[in-house]
Amino acid sequence: MILTVTPNPSLDRSYEVLALKRGEVIRAETERTDPGGKGVNVSRAVAAAGWRTLAVLPLGGAPGALVAELLDAQGIEVAPVPIAGATRSNIALAESDGVLTKINAPGPDLSAAEQELLLETVRAQSRDADWIACCGSLPGGLAPSWYADVVMRAHAGGARIALDTSGRALLEALRARPDVVKPNAEELARAVGRPLATVGDALKAAEELRTLGAGAVLASLGADGQLLVEETGAWFGRARVTTVRSNVGAGDSSLAGFLVAGGTGPEALASAVAHGAAAVQLPGSVMPTPADLDPAAVTVTAEIPLDRELTEPAS
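Quantities reported herein were computed from a predicted structural model and do not represent experimental measurements.

**Q** Explain the overall build of the protein chain to me, and be specific about the residues and the numbers.
**A** When its secondary structure is counted, the protein chain shows nine helices and 16 strands. Taken over the C-alpha trace, the protein chain has a radius of gyration of 18 Å; the compact-globule value for 315 residues is 20 Å, and the two agree within 12%. The 315 residues of the protein chain split such that 52% are buried. In the protein chain, the share of contacts with a sequence separation of at least 24, taken over all contacts with a separation of at least 6, comes to 67%. About 13,500 Å² of surface is accessible on the protein chain, with carbon and sulfur atoms providing 51% of the total. Each charge class in the protein chain was averaged separately, 26 positive and 37 negative side chains, and the resulting centres sit 2 Å apart.

**Q** Lay out the side chain of serine 254 in plain terms, naming residues and giving numbers.
**A** Along the chain, serine 254 turns up in helix H8 (residues 250-260). Among the residues examined, serine 254 registers a relative accessible area of 3% and is labelled buried. Separated by 3.0 Å, the side chains of serine 254 and glutamine 226 make a polar contact. Sequence-distant contacts of serine 254, defined by excluding residues within four places in its chain, comprise Gln226, Ala272, His275 and Gly276.

**Q** I'd like a rundown of the sheet that holds strand E2 (residues 10-17), residues and numbers included.
**A** In space, the four strands of this open sheet follow the order E3-E2-E6-E7, with mixed pairing throughout. Either end of the sheet is taken by a strand with one partner, and the two such strands are strand E3 (30-36) and strand E7 (100-103). Pairs of neighbouring strands in the sheet enclose a mean axial angle of 20°, with direction left out of account. Direction of pairing for E2 relative to strand E6 (residues 88-95): parallel, over a ladder of eight bridges.

**Q** Explain helix H3 (residues 112-125) to me, and be specific about the residues and the numbers.
**A** For H3, built from 14 residues, the straight-helix expectation of 20 Å at 1.5 Å per residue is met to within 8% by its first-to-last C-alpha distance of 20 Å. Glu114, Gln115, Leu118, Leu119, Thr121 and Val122 are the residues of H3 that are buried. Projected down its long axis, H3 shows its buried positions confined to an angular sector of 160°, all on one face. Seen from the open side of H3, the exposed residues pointing more than 90 degrees away from its buried face are Ala112 and Ala113.

**Q** Can you lay out unusual backbone geometry for me, pointing to particular residues and giving the numbers?
**A** With phi around 65°, arginine 177 is a residue other than glycine that occupies positive phi space. Within the secondary structure, arginine 177 sits in the loop between helix H5 (167-174) and strand E10 (180-181).

**Q** Which residues make up the environment of glutamate 231, and what values go with them?
**A** Structurally, glutamate 231 is set in the loop between strand E13 (226-230) and strand E14 (233-239). Here glutamate 231 falls in the exposed class, since its relative accessible area comes to 71%. Separated by 168 residues in sequence, glutamate 231 and proline 63 place their C-alpha atoms 42 Å apart. Dropping the residues within four chain positions of it, glutamate 231 is found in contact with Arg210 and Gly215.

Criteria and thresholds
- Residues numbered from 1 in each chain as written.
- Predicted model: local features only at pLDDT ≥ 70, side-chain atom pairs only at ≥ 80, totals over all residues.
- Heavy atoms only, no water.
- Helix = DSSP H or I, 4+ residues; strand = E, 2+ residues; numbered from the N terminus.
- Rg over C-alpha atoms; globule rule 2.2 N^0.38 Å.
- Buried < 20%, exposed > 50% of the residue type's maximum accessible area, 1.4 Å probe, protein only.
- Contact = heavy atoms within 4.5 Å.
- Areas by Shrake-Rupley, 256 points an atom, 1.4 Å probe, with all protein chains shown as cover.
- Lys, Arg positive; Asp, Glu negative; His and termini not counted.
- Charge placed at Lys NZ, Arg CZ, Asp CG, Glu CD.
- Polar contact = N/O pair within 3.5 Å; in protein donor to acceptor, adjacent residues only side chain to side chain.
- Pairing = 2+ DSSP bridges.
- Axes fitted to C-alpha atoms, helices over the stretch in contact; angles between N-to-C directions.
- Expected span 1.5 Å × (residues − 1).
- Arc of directions from axis to C-beta.

Below, the structure is given as structure tokens:
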């Protein structure tokens, strides 16, 4: 079972439009409403892959009630933590050329009592978890060290931790030695304090995160592929993608694919790449099922192309 923790969940509304034009009325081609937040998306992708998952998340107001209802409809177990504030609502606008514009609300502040209840719920629900995936930004009220507290409590209970966050929260958590961290290129660049222009730059940055405490680093490099750096070696994976419809939740789908495949080694990286590639070819934040995966389109190699320039350099 994979337990996910999403401190700042959301109700996500996604629209496909031909093009964005400021100041004009834009007619959407399609619309979707999904439960959101990085950990929630991981749970959705794990469930779509046919695995058991349980989502721990603070929920409040009408948006929170709808998030719980939508997750239940997808067969996902939910351990809600009631909060006084209303769960945030986010908007994603996907243009026909693949450009995505996202508007993310800040989310409600959590009181001291709500924070402690969230930690206690994670502890109580994690007894049967093979992995705990802690994902996303921290809402107001939670200190940057909050994820580090979760990592230490999870390790004390014998669970493995996968962490997908950024900034100071990531750096603080590294001191608690999470088993896997999953930054994208921008988050990786910010963590090491320098720009990344090549795959080799990303590899060096991932190795640096390991020296700071990460057991392994699964780095998403966008259209350029993914890197996995762990104690036993490093691998680079890519996939052939025909049409990009939306990258909302693609990184979360990758993390789910990595964890359901064991969470270590080149086979898990291949699964991560396949899930991420499938996700970007689906609308909104739809998560891929096994039928959507194309393992034949994935290549994984230990011969990392160090000099390959990143399509979107990270600063």
